[in-house]
Amino acid sequence: MNIVNDQKVILIVTDGMDSKAIDFVDKAKDFMKNCAYSLDAKTVIPAITMPCHVSLFKSVDPEKHECFDNDDPAYYNKIKSMIDIFHRRDRRSAMFYSWGELRDLAKPGTMAYDCFISGYYKSIEKATKELTDKAIEYLNTNFTSFTFFHHDLIDSHGHCFGWMSDKYIEACEFVWDEIYRLVEGVADENTTVIIVSDHSGHDRDHCDERDVTIPIMIRGKNFKPGTVLENVDIKDVAPTILKILDLAPDEAWDGKALF
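What you see is a predicted model, and the numbers here were worked out from it, not measured in a lab.

Asker: Any chance you could break down the overall build of the chain for me, citing the residues and the numbers?
Answerer: A count of helical and extended segments in the chain gives 8 helices and 7 strands. For 259 residues, the compact-globule formula gives about 18 Å, and the C-alpha radius of gyration of the chain, at 17 Å, lands near that figure. Taken over 259 residues, the chain has a buried fraction of 60%. Counting only contacts in the chain whose residues sit at least 6 apart along the sequence, the fraction spanning at least 24 positions is 70%. Carbon together with sulfur atoms contributes 47% to the accessible area of the chain, which is approximately 11,100 Å² in total. Positive and negative side-chain charges in the chain, numbering 30 and 45 respectively, have mean positions lying 5 Å apart.

Pasting the structure below:
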């Protein structure tokens, strides 16, 4: 592989994590100290996992990418995702996930490595630990420009026990233990780590304007620790990643780079 840029990005999505939960999770608070961050970034409506992820990867609202629920295949719309751009520019990508629908975020053959471990047939906790193990092993032996790691446990506990319940906070703590294990296991001075939620939640559900406020943390050489990012939208994530990797965004995208 001809490495034309030595920068690497790890994008970690903490599915369903509310900004308010950070106050209850010591590792999240500690990590944020070394990041540029926003605790009032915005996601899209409907605030549902797949439409939010497609907006993250394609930097447009659902009205443009045409994915409105979790059953929509995400890659048939003509607007390019950042994975399409990485693939065309020979930037190697990998993804690690336990919620199978996320396979549709990338067209077949565009990822260098795709690791799915079912959270249904195993517990999500066991699947997550195995995914972290797999990611550490793979990323330490393969140069990877972009890595996507999805955590499903927080959202699952929100639906089962309620957002901000004790069980929900326990799920946040578990996920942050795994985030630290991954980042400490693979990140170096050329790695930018972006942690973002796709949506928040209320009671035991999410979908509307009550659930659009999300946290984002970015740790990397282009971001000064302690900087509070203003007017951040989930659609800004893909343009930011492309700028780090010295690539141009698609002309149809609506988001902006955050540096």
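There's plenty left to go through after this.
Asker: Give me the environment of Asp155: which residues, what numbers.
Answerer: Its place among the elements puts Asp155 in helix H6 (residues 153-161). Those residues within four positions of Asp155 in sequence are excluded, and the remaining contacts are Asp15, Gly16, Trp163, His199 and His206.

Asker: Which residues make up the side chain of His157, and what values go with them?
Answerer: Here His157 lies in helix H6. Not counting chain neighbours up to four residues away, the residues in contact with His157 comprise Glu125, Gly162, Lys167, Tyr168 and Ala171.

Asker: Could you give me a rundown of the nonpolar core, with the residues and numbers involved?
Answerer: In terms of nonpolar packing, the biggest core is built from 45 residues, with Leu11, Met82, Phe146 and Ile241 touching the most fellow members. Judged by nonpolar contacts, the second largest core, of 40 residues, contains Leu153, Ala171, Leu182 and Val186.

Asker: Residue-level account of the confidence of the model for the chain, with values.
Answerer: Predicted confidence across the chain gives a mean pLDDT of 96, with 97% of residues reaching 70 or more. Taken element by element, the chain is modelled with least confidence in helix H3 (residues 62-65), mean pLDDT 94, and with most confidence in strand E6 (residues 191-196), mean pLDDT 99.

Asker: Which residues make up the pattern of salt bridges, and what are the values?
Answerer: Applying the stated criterion across every chain, the model contains 14 salt bridges. Lys27 is paired through a salt bridge with Asp177; the nearest N and O atoms lie 2.9 Å apart. Separated by 150 residues along the polypeptide, Lys27 in helix H1 (residues 26-32) and Asp177 in helix H7 (residues 166-186) bring together distant segments of the chain. With relative accessibility at 33%, the residue Lys27 sits in the partly exposed group. In this structure, the salt-bridge partner of Arg181 is Asp133, at a minimum N-O distance of 2.7 Å. Here the residue Arg181 occupies a position in helix H7, and Asp133 occupies one in helix H5 (residues 124-139), the gap between them amounting to 48 residues. With a relative accessible area of 29%, Arg181 lands in the partly exposed category. Salt bridges sharing common partners tie together Lys129, Asp133, Glu178 and Arg181.

Asker: Describe the packing of H6 against H7, and please don't skip the residues or the numbers.
Answerer: At a minimum axis separation of 8 Å, H6 and H7 run at an interaxial angle of 175 degrees. Between H6 and H7, the crossing angle belongs to the class labelled roughly antiparallel. Across the interface between the two elements, Leu153, Ile154, His157, Gly158 and Phe161 of H6 pack against Lys167, Tyr168, Ala171, Cys172, Phe174 and Val175 of H7. Its residues placed into classes, the contact of H6 with H7 shows 8 nonpolar, 2 polar and 1 charged.

Asker: Report on helix H8 (residues 237-244), specifying residues and quantitative values.
Answerer: Burial within H8 is extensive, with 7 of its 8 residues counted as buried. Looking at H8, one finds that the buried residues are Val237, Ala238, Pro239, Thr240, Ile241, Leu242 and Ile244. Along its buried surface, H8 packs onto strand E1 (8-14), helix H2 (49-58), helix H4 (82-88), strand E5 (146-151), E6 and strand E7 (213-219). Where H8 terminates, the next one or two residues include Asp246, which has phi positive at roughly 60 degrees.

Asker: Go over the state of the cysteines with me, naming the residues and quoting the values.
Answerer: Scanning the entire structure with this criterion turns up 0 disulfides. Residue Cys67 stays outside any disulfide, its sulfur separated by 9.4 Å from that of Cys52, the closest cysteine.

Asker: How would you explain the pairing of E7 if you had to name every residue and give the values?
Answerer: For E7, the tally of buried residues reaches 5 of 7 residues, placing the bulk of the element in the interior. Bridge count between strand E2 (residues 36-42) and E7: 5 bridges; the pairing is antiparallel. Note on E7: the bridge partner recorded for Ser38 is Ile216.

Calculation notes
- Position labels on residues start from 1 in each chain and follow its written sequence.
- Totals for whole chains, interfaces and linings use all residues, but because this is a predicted model, local features are given only for residues with pLDDT of at least 70 and pairs of side-chain atoms are given and counted only at 80 or more.
- For the side-chain quantities, the full set of heavy atoms in the structure was used; hydrogens and water were omitted.
- We count a stretch as a helix when DSSP gives it H or I for four or more residues in a row; a strand needs E for two or more, and each element gets its number in order from the N terminus.
- Atoms considered for the radius of gyration are the C-alpha atoms alone. The globule rule reads 2.2 Å times the number of residues to the power 0.38.
- When accessible area is computed with a 1.4 Å probe and restricted to protein chains, residues below 20% of their type maximum are described as buried, those above 50% as exposed, and intermediate ones as partly exposed.
- Any two residues having at least one pair of non-hydrogen atoms within 4.5 Å are treated as being in contact.
- For the accessible areas, the method is Shrake-Rupley and the probe is 1.4 Å, while residue cover comes only from the protein chains on display.
- Charged-residue counts in this description rest on Lys and Arg as positive and Asp and Glu as negative, His and the chain ends being excluded.
- Note that the charge is assigned to NZ on lysines, CZ on arginines, CG on aspartates and CD on glutamates.
- In this text, buried Ala, Val, Leu, Ile, Met, Phe, Trp, Tyr and Cys residues form a nonpolar core when linked through side-chain atoms within 4.5 Å.
- Predictor confidence is given residue by residue as pLDDT, running from a minimum of 0 to a maximum of 100.
- Here, a salt bridge means any side-chain nitrogen of Lys or Arg that lies within 4 Å of a carboxyl oxygen of Asp or Glu.
- Geometry is summarised by axes, namely lines fitted to C-alpha atoms with helices restricted to the contacting stretch, and by angles between N-to-C directions that run from 0 to 180 degrees.
- Working rule for angles: under 35 degrees goes down as roughly parallel, over 145 as roughly antiparallel, 65 to 115 as roughly perpendicular, anything else as oblique.
- Under the grouping applied here, Gly and all other residues not named as nonpolar or charged are polar, the nonpolar ones being Ala, Val, Leu, Ile, Met, Phe, Trp, Tyr, Cys and Pro and the charged ones Asp, Glu, Lys and Arg.
- A pair of sulfur atoms, both from cysteines and within 2.5 Å, is called a disulfide here.
- Two strands make a pair as long as DSSP finds a minimum of two bridges between them.

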